[in-house]
Structure formats: structure tokens, C-alpha cells
Amino acid sequence: MNNDNIRIHPERIQLLNNKKIKMDKEYVLYWMQSSQRTKDNHALAYAIQLANQLNKPLLVYFGLTTNFPEANRRHYQFMLEGIKDVQTALRDLQIQLVVLLTDVAEGAIKMAQQAAVVVVDRGYLRIQKRWYHQVAQRIACQLVQIESDVLVPIEVTSNKQEYAAATIRKKITSQMDKFCEAVILSPVNKESLSIVLPDSQLDLSNLNELLDNLPIDQSVQPVSILKGGMIEANHQLQVFVTKKLEHYHTFRNDPGLNSLSMMSPYLHYGQISPVTLYNKVIQNRKFAESVATFIEEVIIRRELSMNFVYYNQDYDNYNGLPQWAKISLDKHRSDDRPIVYTVEQLESAKTHDCYWNAAQTELLLTGKMHGYMRMYWGKKVIEWSKTPQSAFEWLVCINNKYSLDGRDPNGFVGVAWCFGLHDRPWKERPIFGMIRYMNDKGLERKFDMSMYIDKVKSIHQLK
Ligand SMILES: Cc1cc2nc3c(=O)[nH]c(=O)nc-3n(C[C@H](O)[C@H](O)[C@H](O)COP(=O)(O)OP(=O)(O)OC[C@H]3O[C@@H](n4cnc5c(N)ncnc54)[C@H](O)[C@@H]3O)c2cc1C
């Protein structure tokens, strides 16, 4: 393959097998999985350029599995709203998006039978790594991976698990300029809309009907306040930049206000790129403090989460926590726990704590809990559970079940942060040992919590 004319930073490109490009095959295949968008999608840009170089059409494949771990109707709806957007946008580019209801890797292997080369984007979770490995082994042609969902590629930032934001910050900021270039899509030389495939594709024209008939967990309802897809993502971004960014630095922690970007569900499904966010926000010189704070969250903290998930095999379980935190929590394992709730009481928001109940209710109804309350939510569950392990498991499970942005590196790291990850030891106290403690008095000192309660009540009434 000749990479000379390909305008993607070479450090985003990795060959996942040693196989050759098959010039006798029909098309170049882009297996879209993590970067579900057309804007600032390095993998798509690369695949188009490659298809043009090889003088072949580009076909895009998306595999929809009905048994993705912990996914339910809420997640499927949000994601498919996005895939529908992508299908339309690709059609305008003369590119066909094929959506198959299949085991994801098996679908890619099947589609690769007629492919000269397969290009795939990059996710960091265990299941995604397994898919890439399976496909790389079993297809006859080359598999190229393009990293498109972080600003600075993971291995370029660091070759090890980083201790905290303080240790990764400079490694990212020193390279942001190098990797922030907006992605330009070349027009395709050969259209793929006329390619007829033997397998039946999913028809996305009536999403509700399709979703009603999918054999998925239907128990968690979709949310009405956020619609999925790259069009809506860019709309929300515009609202953030024009109306909220100015005060982000001052107001972002206050749960009673609506000053957050709402970008996390869109980032989770790759419906918006961190490159788009970076470029959109960085131009704003008037609100320098807010811009710096937002970059700290959306680039530094988010890519610290990717770093953890990538380098720590136990990213989603208690074993992945730092040694000091596990030792300290273990020392307090037998401490008296004055209040212990059952998992059902917690899930249905029936505790004595009105702030915690409001946070859990917000999650149940909207699929998104305010960022500051997420910390409080996690800390209280540690206090009210029989063991730190059972608290950890409940938090991961419930975060993944109800959050639109759940099952994300940020979710696993957010929960683990409540148990000391990327934090430092604090003054020792019962139950918590040396991990950071939070209480309702702290919330009241910092914020007008009645505003938050009212906000959640009004969402409840809207339902
Ligand atoms: C217990 C717990 C669970 C969490 N679960 C999730 C989750 O499932 N999915 C998820 O995306 N985030 C999670 N977070 C991190 C954070 O709370 C959310 O990213 C944030 O609230 C998302 O809302 P926003 O995009 O409107 O935030 P904004 O403040 O507008 O932030 C913009 C972006 O910055 C990044 N960001 C913000 N805060 C953090 C953080 N603390 N760590 C890493 N990146 C951050 C996110 O990508 C976010 O979309 C969790 C945090 C905790 C403490």
C-alpha cells in the first residue's frame, strides 16, 4: 500500500494483520463501529483515499448485534438514530452504508470476502479488541486500523498506565497541535450505491418499528430529552458554544444549572469527534478560562480514561483499583455501616437522602446524571453497601444500564475514581479509609441544592 498521498497522520494508522491488498476484489470496505459519523472521521477519510488510489468503490459496513453486553432499548435507539444520519450523509457522498443484523465480527468477515482491503476505526473495550483480533485472523485481505476517537493517539500519548491527570496532561497538551487538524473528505471516484449485496440489510426507515421487533432488552425506555446522531450532536455543540461556554468555568459543577455540553452520549457513540470539539472551542479567545476548563475535561480527562482502559485489563472491576485504595478500603471492611440499602432500594431511588434520590431519578428519566452528582452518587453507594466490592459492581451495572453514555471508558473510570483511581489518599475515616469522602453538607455549602431538586421534579412532571 502506498501511504504517500493519504492525508491522515501516520501515527493514527496501524496494520492489524500481515495480509496483502487483493486487487481482484470488488470494493474497499470501511467497517464502521466506533466512529459513527462522517465529520472529522479519520477512518472514513482514509478509506475514501485508499479506495480512490485503488480505483475501487468504497462500501461501509455497520454490524448490529442484539447482544452487546448491557445494552438495552435506550442505547439501541440512540445509536440507531445516529446510524440513520450516517446512512443519509454517506448516500450524499455516493457511498453505500450496509447495516447487517449479525454478530459484529462475523458480519465483517463476510463482507470482507469481496474486499480488497478492510479499514476499521478503533475502540478500546475488551469486546472491541476481541472483534478486531478475530477479523484480522480470519479475513484474506489486509486490515488497517485508524484511530479517530481521541485527539492524540493512545500509544503516542503514553506507553503505560498513567497515574493521574497530572502525569498525562503535558504528554497530551504538547501534541494537541500536531493532531488537531480537521479531516477533509475527498469525493469518491467510484460510487458504491449500485452494489447489490446478497444478504438482507436492515431497513432504518421506520426506527420504532425496527426497534420494537429487535430481540433486545426492552426494559429501559428511550429518553425524550436527547436524540441521537451527528446532526443533533452538532446542534448541541452549537448551543453549548453560543450559550453555555461563557460560564462553563464558573457554573459547570452546579447541578441546579444546565451549563454542561451534553457531549458525552455523542462522544460515546462516536457521533461527534474530539477533534471537532477541540477546534470549535479553541477558537474562542473571549472565554479563555472556560475554554481551558473544557479542554481539560473533554481532552485530558477523557483521554486519561482511554489510557486506563487500554493499559489496565481490570478496567471494569474492583481489581483494577490502585493498591493503596484497596488496602485502605480493606482495612475498614468490618467498620460499622449504620445504613445499608438493598440494590432494589437504590435502583428505585428510595433512600433517606433527597439529593441522592434526585440524582438517581435524573439518571432513570433522562439517561444522564449531572457530572457533579455522579461523584456524590458513587461515594454514597460506598457508604451504604455491605462491601466496597458490592458497591463497585452495583455502580458499574446501574451506570451502564441507564446512562446513554454508559459502557464507556469514562464510565468505568468515573466509578473507579469514587474508589480512589486517579486521586490521592485523604485523611483516614470509617468505611472510606483514605479514599475521598463527600457529604450532603458539602453540596449545600457549594450550591443552592433546592434548584437541583426542582430541576429533577420538573423533569419528573414532564414524563
Ligand atoms: C460515578 C461516575 C460515573 C460516570 N459515568 C460516566 C459515563 O458513563 N460516561 C461518561 O462519558 N462519563 C461518565 N462520567 C464522567 C463525567 O461525569 C461525564 O463525562 C460528564 O458528566 C458528561 O456530561 P457532559 O458531556 O455534559 O459534561 P461536560 O462537563 O460538558 O464535559 C464535556 C466532556 O468532557 C469529558 N468529561 C467531563 N467530565 C469528565 C470526567 N470526570 N472524566 C472524564 N471525562 C470527563 C466527557 O467526555 C464530556 O462529554 C462519570 C463520572 C462519575 C464520577
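Residues numbered from 1 in each chain as written. Predicted model: local features only at pLDDT ≥ 70, side-chain atom pairs only at ≥ 80, totals over all residues. Heavy atoms only, no water.

Caption draft 1: A look at the domain arrangement of the chain. Considered domain by domain, the chain is made up of domain 1 (1-148), domain 2 (150-181 + 230-311) and domain 3 (318-462). Across the contact, 24 residues belong to domain 2 and 23 residues belong to domain 3. Approximately 2,100 Å² of surface area, both sides summed, lies buried where domain 2 meets domain 3, with 63% of it carried by carbon and sulfur atoms. Area buried by domain 2 at its contact with domain 3 is led by Pro255, His268 and Phe308, which between them contribute 29% of it. Here domain 2 and domain 3 share 10 residue pairs in polar contact (both at pLDDT 80 or more) between them. Those elements giving two or more residues to the side of domain 2 that touches domain 3 turn out to be α10 (264-268) and α12 (288-311). Among the elements that make up the side of domain 2 that touches domain 3, the one with the highest residue count is α12 (seven residues). When its residues are assigned to classes, the side of domain 2 that touches domain 3 shows 12 nonpolar, seven polar and five charged. (Domains from an automatic or database assignment. Contact = heavy atoms within 4.5 Å. Buried area = accessible area lost by both parts, 1.4 Å probe. Polar contact = N/O pair within 3.5 Å; in protein donor to acceptor, adjacent residues only side chain to side chain. Helix = DSSP H or I, 4+ residues; strand = E, 2+ residues; numbered from the N terminus. Nonpolar A, V, L, I, M, F, W, Y, C, P; charged D, E, K, R; others polar.)

Caption draft 2: Seen up close, the packing of aromatic side chains. Across all of its chains, the model carries 19 aromatic pairs by this definition. Seen in terms of ring centroids, Tyr341 and Trp384 are 5.2 Å apart; in terms of plane orientation they differ by 85°. Their pairing is edge-to-face. Separated by 43 residues along the polypeptide, Tyr341 in the loop between α13 (323-331) and α14 (343-347) and Trp384 in the loop between α16 (371-383) and α17 (388-402) bring together distant segments of the chain. Neither residue differs from the other here; Tyr341 and Trp384 are each classed as buried. Joined through ring pairs, the aromatic side chains of Tyr341, Trp356, Trp377, Trp384 and Trp394 make up one cluster. The aromatic ring of Tyr437 is capped on one face by Arg429, whose charged end is 3.7 Å from the ring centroid. (Phe/Tyr/Trp six-rings, centres within 6.5 Å; stacked < 30°, edge-to-face > 60°. Buried < 20%, exposed > 50% of the residue type's maximum accessible area, 1.4 Å probe, protein only. Lys NZ or Arg CZ within 6 Å of the ring centre and 35° of its normal.)

Caption draft 3: Region of the structure containing the sheet that holds strand β4 (residues 96-101). If you trace the six strands from one edge of the open sheet to the other, you get β1-β6-β5-β2-β3-β4, paired in mixed fashion. The sheet is open, and its two borders are formed by β1 (13-15) and β4, each paired with just one other strand. Strand-to-strand, the axes of this sheet are offset by a mean angle of 25°, without reference to chain direction. Pairing geometry for strand β5 (residues 115-120) and strand β6 (residues 142-146), over four bridges, is parallel. Across the sheet, residue Val117 finds its bridge partner in β6, namely Gln142. (Pairing = 2+ DSSP bridges. Axes fitted to C-alpha atoms, helices over the stretch in contact; angles between N-to-C directions.)

Caption draft 4: Quick look at the side chain of Asp254. Mapped onto the secondary structure, Asp254 falls in the loop between α9 (230-251) and α10. With no salt bridge to any partner, buried Asp254 finds its closest opposite charge in Lys455, at an N-O distance of 7.3 Å. Leave out the neighbours within four places in its chain, and Asp254 touches His370 and Phe447. (Lys, Arg positive; Asp, Glu negative; His and termini not counted. Salt bridge = Lys/Arg side-chain N within 4 Å of Asp/Glu carboxyl O.)

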